[in-house]
Amino acid sequence: MSLPCMKSPLLAALAIAVALAGGAWAQDSQSNPMPQAPSASRTTPPAKPFKLENFAKPQAAFPNVIAPYTSQQLPTPNLNNTPRIESMLQNGKLMLSMNDAIALTLENNMDIAIQRYNMGIADTDILRTKAGGVFQGTPFGVVQNTPGGATGGLGSTVGTGPGGTSAGAAGAGGGLGGIVSSTLGLGPAVTSFDPILSANLQMDRNFTQSSSIFSPIPVGNTNTGSANFSYLQGFQWGTNLALGFNNTHVTSNNPTNTYTPFLASTLQFRLTQHLLQGFGFAPNRRFIQIAKTNREISDVVFRLQVITTVDQIENMYWDLVNAYENVKVQQDALGLANKTLSDNKKQVEIGTLAPIEVVRAESTVATDQQQLTVAQTNLELQQLLMKNALSRTLVDPALADAEVIPTDTMLLPEVEPVTPTQDLVDSALSRRAELAEARMSLHNTATSNKAIRNNLLPSLDLFAYYGGSGIGGDVNPILANNPCQPGQNPIANFCFDPARAAPPFRTSTTVGYSNTLSQLVNSSAPDKGVGISLSIPIRNRVAQALQIRSELEYRQEQMRLQQIENQIRIEVRNAQFAVQQNRAGVAAAQAAVDLAQQSLEAEQKKYALGASTSTLVLQQSSALTQSRSNLVGARAAYEKARVELDRATGLLLEHNGIDLSEAESGVVNKMPSVPYVQPRSQAKPDVVPQLPTQNVPENPPQPQQ
């Protein structure tokens, strides 16, 4: 479009000055849309490590004998953020690199913090089963209660149990991948391996009114004291030991009682050995073996938790970078639109441009303002999600109000590394935590099935016992003072005949408690024997059903293990394809940006020569803005694809330089080192579109009078 020459040098100079001022404002707005994020160099104060004791060991009874009977109080969880996050706050902004984000995740992320306790829970099952108790189960689910970011593959499955773990009580009821092991741990009953000592002490005073004409007294008074003790213990090879020791002391006012007070003591020692059902270590140690394997699984699950959470944080970081850079793109577009609007208004005022061009420019400004608002609110959301993921609490106002500035950006290697697919698959099959967990779960089922097969056998027990009894006390004074004379019958004459009394009372009318106890072991009144107990369930259908079900579940888990391997193979290939596709997407997006940039420059040259309009320039600028935004998204997608490939191959922790022991303690001393990341200060700056100043005609048309 050709413009008429301006006739007033003063108006021309004024228009040029306004255009230059507007260009300077736009240039300043575009070059400093957001504060640049410097790389942070700081000294981080030490954090307090998370320490959970080994609860597989019981409290020692010596020197404190009451220690096993006292409760243990665990320290209150530390809900404050580690000092690292405070050192990263600068002028109200959280200057965050990718390595800092992962370090803060290992220290503060609540999903990892919740998962740490599961290893202690698994320890308690070991302690419990060593005593012969049944294991209560350990949560094996991955906790994913941090909003924002998504993980791929098997790690994306979130349980419905407490804390996001797998379904069932404490996460123990649900099997891996939906396979429920309902028969796990069933089999013959296990006697407590911890000795159980019981005591029953009782005093009783009983008055009984006479209802018989033969009763010598109208009201009988009997005082009874008893002290009974028992000891029970089982052994891991199927032997049970039982010991009973009972004592009774009775006094009575009934003259027909031969002894008052009367002492009676009994002792019995019994050994029982299972010969068929419950014989051997396999059925009796199954709970211990399962609990120990569960403890190993808890370590694997914690590793899987760290992998899943770090994967999530890396995705969130690239979402933050995407949002951050997209805001800059939209700010550049809005600055260019504002400059165009300002230029158009000036040209309309001097009569060199139709007023409709101002309306069009205003529409473009409104549209770009909307896009900027959307980009800014999305950035604020990503900042909030990131702060929540990297902190234990957002109560601190300095952190809650701080902007999160990503100091790193994407780095694309010049040459994409090529690794043979089979090598990636082999790495995944040897490193993936899901496979290790499935194999251990299969081992648990095999251990349980041995005990269930033993449960098919009849119950055949060999037992032997030895016991004795003793009596003591005093001969009733009424009888002691009336000894039987020769030829007298003790019953008819109500007299005492030592020859017909119990052996302890033949030489004395008083027998002490020590004498009573000695009778238990001197064969005065022994009780000993040996025997076999046999119980055969006819048809045995309950045990058959249980054994068949356990075998079916075992075969089902074998199939599930193969299914997981197949799924991992697909995940690795899909992740490799995604890297290739997204790398091509970055190249295509970069080519589109180059094309849009050259198209804009060409349109700007035509506009400078008067052969184009501001509307066409804005259209080309919008195309460039969209291309730049697409390029930012393509780069983020490429980085996410690389993260997914590391997760799928099981190399995420190794490639990021993450020490799992530091993740367990919650204190990071060795900073992670994430590949394909560069500081923003080293990144090549994007080309910001500029609107050149159009040649202003020397003789503008005069307005009509």
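Residues numbered from 1 in each chain as written. Predicted model: local features only at pLDDT ≥ 70, side-chain atom pairs only at ≥ 80, totals over all residues. Heavy atoms only, no water.

1. A closer look at unusual backbone geometry
With an omega dihedral of 5°, the bond running from Phe62 to Pro63 counts as a cis peptide bond. Looking along the chain, the bond that leaves Thr260 and enters Pro261 is cis, with omega of -5°. Here Pro261 shows up in strand S6 (residues 259-274). Phi is positive for Ser523, close to 60°, though the residue is something other than glycine. Counting through the fold element by element, Ser523 comes out in the loop between helix H13 (513-518) and strand S11 (526-535). You can call Ser523 partly exposed: its relative accessible area is 42%. (Helix = DSSP H or I, 4+ residues; strand = E, 2+ residues; numbered from the N terminus. Buried < 20%, exposed > 50% of the residue type's maximum accessible area, 1.4 Å probe, protein only.)

2. A short note on the packing of aromatic side chains
For the structure shown, the criterion picks out 8 aromatic pairs. Arranged with centres 4.1 Å apart and planes meeting at 25°, the rings of Tyr259 and Phe505 form a pair that is stacked. Here Tyr259 is found in strand S6, whereas its partner Phe505 is found in the loop between helix H12 (490-493) and strand S10 (510-511), with 246 residues between them in sequence. Judged by relative accessible area, which is 15%, Tyr259 ranks as buried. (Phe/Tyr/Trp six-rings, centres within 6.5 Å; stacked < 30°, edge-to-face > 60°.)

3. Some remarks on a nonpolar patch on the surface
Where nonpolar side chains cluster on the molecular surface, the patch consists of Leu275, Leu462, Val530, Ile532, Leu534, Ile536 and Ile538 and spans about 720 Å² of accessible area. With 3 residues, S11 is the single largest residue contributor to the nonpolar patch. One can find Ile532 in strand S11. The exposure class of Ile532 is exposed, given its relative accessible area of 58%. (Patch = residues over 30% accessible without salt bridge, like charges linked within 9 Å, V, L, I, M, F, W, Y side chains within 5 Å. Areas by Shrake-Rupley, 256 points an atom, 1.4 Å probe, with all protein chains shown as cover. Salt bridge = Lys/Arg side-chain N within 4 Å of Asp/Glu carboxyl O.)

4. Points about the nonpolar core
Leu96, Leu106, Tyr317, Trp318 and Met386 are the most contacted members of the largest nonpolar core, which totals 53 residues. Broken down by secondary-structure element, the contributors of at least two residues to this core are strand S2 (93-96), helix H3 (98-108), helix H4 (110-130), helix H6 (286-349), helix H7 (356-390), strand S7 (403-406), helix H15 (614-649) and helix H16 (652-656). Among the elements that make up this core, the one with the highest residue count is H6 (16 residues). Discounting residues that sit within four places of it in the chain, Leu106 has contacts with Ile112, Arg116, Val306, Val310, Ile658, Ala663, Gly666 and Val668. Within the second largest apolar cluster, 29 residues are counted, among which are Leu435, Leu442, Tyr554 and Ala596. (Core = buried A, V, L, I, M, F, W, Y, C linked by side-chain atoms within 4.5 Å. Contact = heavy atoms within 4.5 Å.)

5. What about the state of the cysteines?
Evaluated as defined, the whole model comprises 1 disulfide. At a sulfur-sulfur separation of 1.8 Å, the disulfide partner of Cys484 is Cys495. Looking down the S-S bond of the Cys484 and Cys495 bridge, the torsion is 95°, so its handedness is right-handed. With Cys484 in the loop between helix H11 (477-480) and H12 and Cys495 in the loop between H12 and S10, this pair connects stretches of sequence that are 11 residues apart. When sorted by exposure, Cys484 lands in the same class as Cys495, which is buried. (Disulfide = S-S within 2.5 Å.)

6. A look at the pairing of S2
Where strand S1 (residues 89-90) and S2 come together, 2 bridges link them in antiparallel fashion. Bridge assignment links Leu89 to a residue of S2, and that residue is Leu94. Counted between consecutive antiparallel strands, the loop separating S1 from S2 contains 2 residues, among which Asn91 sits at a positive phi close to 55°. Sheet analysis places S2 next to S7, joined by 4 bridges and oriented parallel. (Pairing = 2+ DSSP bridges.)

7. Focus on the side chain of Arg116
Structurally, the position occupied by Arg116 is in helix H4. In terms of polar contacts, Arg116 uses its side chain to reach the backbone carbonyl oxygen of Glu664, at 3.1 Å. In this structure, Arg116 is in contact with Phe50, Leu52, Leu106, Phe302, Ala663, Glu664 and Gly666, ignoring residues within four places of it in sequence. (Polar contact = N/O pair within 3.5 Å; in protein donor to acceptor, adjacent residues only side chain to side chain.)

8. Brief notes about the pattern of salt bridges
Per the stated rule, a full pass over the model turns up 19 salt bridges. The salt bridge partner of Glu357 is Arg360, with a shortest N-O separation of 2.9 Å. Taken together, the residues Glu357 and Arg360, both in helix H7 and 3 residues apart, mark about one turn of the helix. Accessibility expressed as a relative area gives 41% for Arg360, which makes it partly exposed. The partner of Arg453 in a salt bridge is Glu551, and the shortest N-O contact between them spans 3.0 Å. One end of the pair, Arg453, is in helix H10 (residues 433-454); the other, Glu551, is in helix H14 (residues 541-608), and 98 residues separate them in sequence. In this structure Arg453 comes out as partly exposed when scored by relative accessible area, which is 38%. One continuous salt-bridge network, built from bridges that share partners, spans Arg432, Glu434, Glu571, Glu644 and Arg647.

The quantities given are spatial measurements derived from coordinates; they are silent on function.
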